[in-house]
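Understanding the architecture of this molecule
The primary structure of each chain is shown beneath.
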Amino acid sequence: MAIFTMPMEAKVISSAQNPLIKKILLLKEKSRERRKNGLFVVEGQREIELALKGGYRLQTLLFCPEIMGSASIGTFTAQSHPEMVQVSESVYGKIAHRATTEGLLGIMESKDHGLEHISFSNTSPLVLVAEAPEKPGNIGALLRTADAAAVDAVLIANPKSDLYSPNIIRSSVGCLFTNQIGVGTTDEIIAFLQTNQIKIYCAALTASKNYVDCDFKAASALVMGTEATGLTEKWLQNSDQNIIIPMQGEIDSMNVSVSAAILIFEAKRQRGF
């Protein structure tokens, strides 16, 4: 049975025409609305818990008692004191993207991902850089890999997708909230890496060294380009070393998230995990 905190204070919404429901649909569908309001939508107990643990503020929590089952909202309400809204099963079906989200949906406040907020707790950080990633599924997979390896930061240069897109949140299984993420232009991120004395290793096909022959134990940034065009010339001009994963089949590339995983875990292996 779900555990409710202060149920008497919860609003009740049973109409999909309610202004709050319309607002949620806009936040889910329009990146412009998310940027304008500084808000985004998160579905599911695990994802909401990860967002709260990552320092995000839960503004509003919507819950559907008929769907919740054993899910608990006590932790959420105690931590951030959100506005509580009870919704009917039909309304939840209207606003939820997935049927397996425990009848819980949160409106969260977004963060500023400027590079000035990135900090490192050790002297040899391992950083993943992705230039102009576009597909939400690839971004989500990169974030999952970064979380699995506990990299020190993920930096996204010239992003083509809104980080708070529901598709990225969903494909990252909440790892959007568990990574330290910085966003900037290619020039800004190169300058940030150089200022922090982090070596730049660019995944590229030309003038490259086998990745297993590189020393990633010092402060290192592994830089990934798009599958279609690779990295821009600016990165290659500022690379300390281009690296390559040798291909033994007919094609010369792999999915960007797979390539990133291979490089990241080689660096982690060298560092003794």
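Residues numbered from 1 in each chain as written. Predicted model: local features only at pLDDT ≥ 70, side-chain atom pairs only at ≥ 80, totals over all residues. Heavy atoms only, no water.

Turning to the overall build of the chain, a few remarks are in order. Check the secondary structure of the chain and you find 11 helices and 12 strands. With the C-alpha coordinates of the chain rotated into their principal frame, the extents come out at 65 × 35 × 35 Å. Counted over contacts in the chain with a minimum sequence separation of 6, partners at least 24 positions apart contribute 79%. When the accessible surface of the chain is totalled, it reaches about 13100 Å², and 50% of it is carbon and sulfur. Taking the average place of the 26 positive charges on the side chains of the chain and the average place of its 28 negative ones, the gap between the two points comes to 3 Å. (Helix = DSSP H or I, 4+ residues; strand = E, 2+ residues; numbered from the N terminus. Contact = heavy atoms within 4.5 Å. Areas by Shrake-Rupley, 256 points an atom, 1.4 Å probe, with all protein chains shown as cover. Lys, Arg positive; Asp, Glu negative; His and termini not counted. Charge placed at Lys NZ, Arg CZ, Asp CG, Glu CD.)

Looking now at the pairing of strand β8 (residues 181–184). Pairing geometry for strand β7 (residues 153–157) and β8, over 4 bridges, is parallel. For Leu 155, the partnering residue across the bridge sits in β8 and is Gly 182. (Pairing = 2+ DSSP bridges.)

The next thing to look at is the packing of helix α7 (residues 136–149) against helix α11 (residues 256–270). With their axes 9 Å apart at the nearest point, α7 and α11 run at an angle of 15 degrees to one another. When the axis of α7 is compared with that of α11, the two are roughly parallel. Here α7 runs over α11; the crossing is right-handed. In this structure, α7 contributes Asn 138, Ala 141, Leu 142, Thr 145, Ala 148 and Ala 149 to the contact, and α11 contributes Val 256, Ser 257, Ala 260, Ala 261, Ile 264, Phe 265 and Lys 268. Per-class residue counts for the contact of α7 with α11 are 9 nonpolar, 3 polar and 1 charged. (Axes fitted to C-alpha atoms, helices over the stretch in contact; angles between N-to-C directions. Parallel < 35°, antiparallel > 145°, perpendicular 65-115°, else oblique. Left-handed = near helix turned anticlockwise from the far one by under 90°. Nonpolar A, V, L, I, M, F, W, Y, C, P; charged D, E, K, R; others polar.)

Taken in spatial order, the 5 strands line up as β1-β4-β3-β5-β2 in an open sheet, and their pairing is mixed. Two strands in the sheet have a free side with no partner beyond their single neighbour: β1 (11–13) and β2 (39–43). Along the sheet, successive strands turn relative to each other by an average axial angle of 25 degrees, direction set aside. Across 5 bridges, strand β3 (residues 58–63) lies against strand β5 (residues 104–109) in antiparallel orientation. Across the sheet, Leu 58 pairs through a bridge with Met 108, a residue of β5. The strands touched by helix α1 (residues 19–29) within the sheet are β1, β2, β3, β4 (83–87) and β5, with β2 carrying the most contacts at an inclination of about 95 degrees. With respect to the sheet, helix α3 (residues 45–53) is in contact with β2, β3 and β5, its orientation differing from that of β5 by roughly 25 degrees.

Next up on the list: the pairing of β5. Within β5, 5 of the 6 residues are buried, which leaves the element mostly enclosed by the surrounding structure. The sheet contact formed by β2 and β5 spans 5 bridges and is antiparallel. Across the sheet, residue Glu 43 finds its bridge partner in β5, namely Leu 105. (Buried < 20%, exposed > 50% of the residue type's maximum accessible area, 1.4 Å probe, protein only.)

This part takes up the packing of aromatic side chains. According to the stated counting rule, one finds 7 aromatic pairs in the structure shown. Measuring from ring centre to ring centre gives 4.3 Å for Phe 40 and Tyr 164, while their planes differ by 25 degrees; the resulting arrangement is stacked. Taken together, the residues span a long stretch of sequence, with Phe 40 in strand β2 and Tyr 164 in the loop between β7 and α8 (166–171) at a distance of 124 residues. Exposure remark for Phe 40: the relative accessible area of 0% places this residue in the buried category. Pairing Tyr 201 with Phe 216 gives two aromatic rings, centres 4.9 Å apart and planes at 80 degrees, and the pair type is edge-to-face. Linking Tyr 201 in strand β9 (residues 199–203) with Phe 216 in the loop between β10 (208–210) and β11 (220–224), this pair joins segments that are 15 residues apart in sequence. We classify Tyr 201 as buried; its relative accessible area is 6%. Ring-pair connections join several aromatic residues into one group, and the members of that group are Phe 40, Tyr 56, Tyr 164 and Phe 177. In this structure, Lys 111 is placed above the aromatic ring of Tyr 56, and the distance from its NZ or CZ to the ring centre is 4.5 Å. (Phe/Tyr/Trp six-rings, centres within 6.5 Å; stacked < 30°, edge-to-face > 60°. Lys NZ or Arg CZ within 6 Å of the ring centre and 35° of its normal.)

Averaged over all residues, the pLDDT of the chain is 93; the fraction at 70 or higher stands at 97%. Contacts for the low-pLDDT stretch residues 1–8, under 50 throughout, to residues beyond four places or in other chains number 16 contacts. (pLDDT = per-residue confidence, 0-100.)

Our focus in this paragraph is the sheet that holds β9. Here 7 strands make up an open sheet; going across it, the order is β8-β7-β6-β11-β9-β12-β10 and the pairing parallel. Unpaired on one side and paired on the other, β8 and β10 mark the two borders of the sheet. On average, each strand axis in the sheet is tilted by 30 degrees relative to the strand beside it, whichever way the strands run. Its contacts with the sheet place α7 against β6 (126–131), β7 and β8, and it is angled at close to 175 degrees to β6. Where helix α9 (residues 186–195) meets the sheet, its contacts fall on β6, β7, β8, β9 and β11, and the angle it forms with β7 comes to roughly 145 degrees.

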